[in-house]
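# Inside the fold
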Amino acid sequence: MSKPAEIELVHLRKAIRYLVGLLEEGSLVTNYDANTRIEIAEVLDLMVDKVEDLPEEVPDNLVQAAVVRAIVGAAERLRKQETTIFFSRQMREAEAVASIHGHSLSGWEQVVSEEGVEFQAACQACGGFIYVTRSGAYNLLLDSCERVK
Ligand SMILES: [Zn+2]
């Protein structure tokens, strides 16, 4: 009862994608740790892509290397997402603080400093600055906005 390998591959690929969806959604796997569940879903997703991209005649160790690259890639992707969420939260908080004190911030600009990536925005009225960095926000805005005359 053997079926063509290609059919089996199509089924296997569909099954993996389905598992990825279940892992991401989470309701059938409530006993799994949420972070690990999401990370494994990313690994499986990347792994299917990377294995699909392999040329026809490759030794087993290159297939294994594709799996390792998927693990590394998934960790990087999640770290980037966390960074994006962290910075956008910092920016929303900074905007709220600025507006409470009467400032009107321009759009955020990305700047690269010794500490890495950070973002800055300036008040369009008084020219004061606020920075958000990995270690928090640095507020150089006055307590109340005074327009430059
Ligand atoms: Zn201002």
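Notes on the structure in this doc start here. (Residues numbered from 1 in each chain as written. Predicted model: local features only at pLDDT ≥ 70, side-chain atom pairs only at ≥ 80, totals over all residues. Heavy atoms only, no water.)

## Observations concerning the coordination of the zinc ion
Six octahedrally arranged donors around a metal ideally form angles of 90 or 180 degrees; four tetrahedrally arranged donors ideally form angles of 109.5 degrees. The protein atoms donating to the zinc ion are His103 (ND1), Cys123 (SG), Cys126 (SG) and Cys145 (SG), with metal-donor distances spanning 2.1 to 2.4 Å. For the zinc ion, the 4 donor atoms in the first shell make angles of 100 to 116° at the metal, so the coordination geometry reads as tetrahedral. The sequence motif formed by the donor residues of the zinc ion is H-x19-C-x2-C-x18-C. One end of the pair, His103, is in the loop between helix 3 (60–100) and strand 1 (109–113); the other, Cys126, is in the loop between strand 2 (116–122) and strand 3 (129–133), with 23 residues separating them in the sequence. Of the two residues, His103 and Cys126, neither departs from the other in class, the shared state being buried. (Donors = N, O, S within 2.8 Å, 3.2 Å for Na, K, Ca; no water. Tetrahedral: all angles 85-135°; square planar, octahedral: opposite > 155°, others 65-115°. Helix = DSSP H or I, 4+ residues; strand = E, 2+ residues; numbered from the N terminus. Buried < 20%, exposed > 50% of the residue type's maximum accessible area, 1.4 Å probe, protein only.)

## Some details on the nonpolar core
In terms of nonpolar packing, the biggest core is built from 14 residues, with Met91, Leu105, Trp108, Phe119, Ile130, Val132 and Leu141 touching the most fellow members. Among the secondary structure elements, those contributing two or more residues to this core are helix 3, strand 2 and strand 3. Leave out the neighbours within four places in its chain, and Leu105 touches Ala94, Glu95, Ala98, Ala121, Ala122, Cys123, Gln124, Ile130 and Leu141. (Core = buried A, V, L, I, M, F, W, Y, C linked by side-chain atoms within 4.5 Å. Contact = heavy atoms within 4.5 Å.)

## Quick look at the environment of Gln120
Its place among the elements puts Gln120 in strand 2. With near-sequence residues (within four places) excluded, Gln120 lies in contact with Gly107, Trp108, Glu109, Val111, Phe129, Ile130 and Tyr131.

## What to know about the sheet that holds strand 2
Reading across from one edge, 1-2-3-4 is the order of the 4 strands in this open sheet, with antiparallel pairing throughout. If you trace the sheet from one side to the other, it starts and ends with strand 1 and strand 4 (136–140), each paired once. Strand-to-strand twist of the sheet, defined as the mean angle between neighbouring strand axes without regard to direction, takes the value 25°. Of the strand pairs in this sheet, strand 2 and strand 3 are connected by 4 bridges, and their pairing is antiparallel. (Pairing = 2+ DSSP bridges. Axes fitted to C-alpha atoms, helices over the stretch in contact; angles between N-to-C directions.)

## Re the packing of aromatic side chains
The relation between two aromatic rings is expressed through the spacing of the ring centres and the mutual angle of the planes. For the coordinates displayed, the defined rule picks out 3 aromatic pairs. Ring centres 5.0 Å apart and planes at 65° place the aromatic pair Phe87 and Phe119 in the edge-to-face group. Here the residue Phe87 occupies a position in helix 3, and Phe119 occupies one in strand 2, the gap between them amounting to 32 residues. An identical accessibility class is assigned to Phe87 and Phe119; each is buried. Site record: aromatic cluster; members linked through ring pairs are Phe86, Phe87 and Phe119. (Phe/Tyr/Trp six-rings, centres within 6.5 Å; stacked < 30°, edge-to-face > 60°.)

## Thoughts on helix 3
Its 41 residues place the ends of helix 3 61 Å apart at the C-alpha level, agreeing with the 60 Å of an ideal helix rising 1.5 Å per residue. Residues of helix 3 that are buried: Ala66, Ala70, Ala74, Leu78, Phe87, Gln90, Met91, Ala94 and Ala98. Positioned one or two residues after helix 3, Gly102 has a phi angle of 85°, which is positive. (Expected span 1.5 Å × (residues − 1).)

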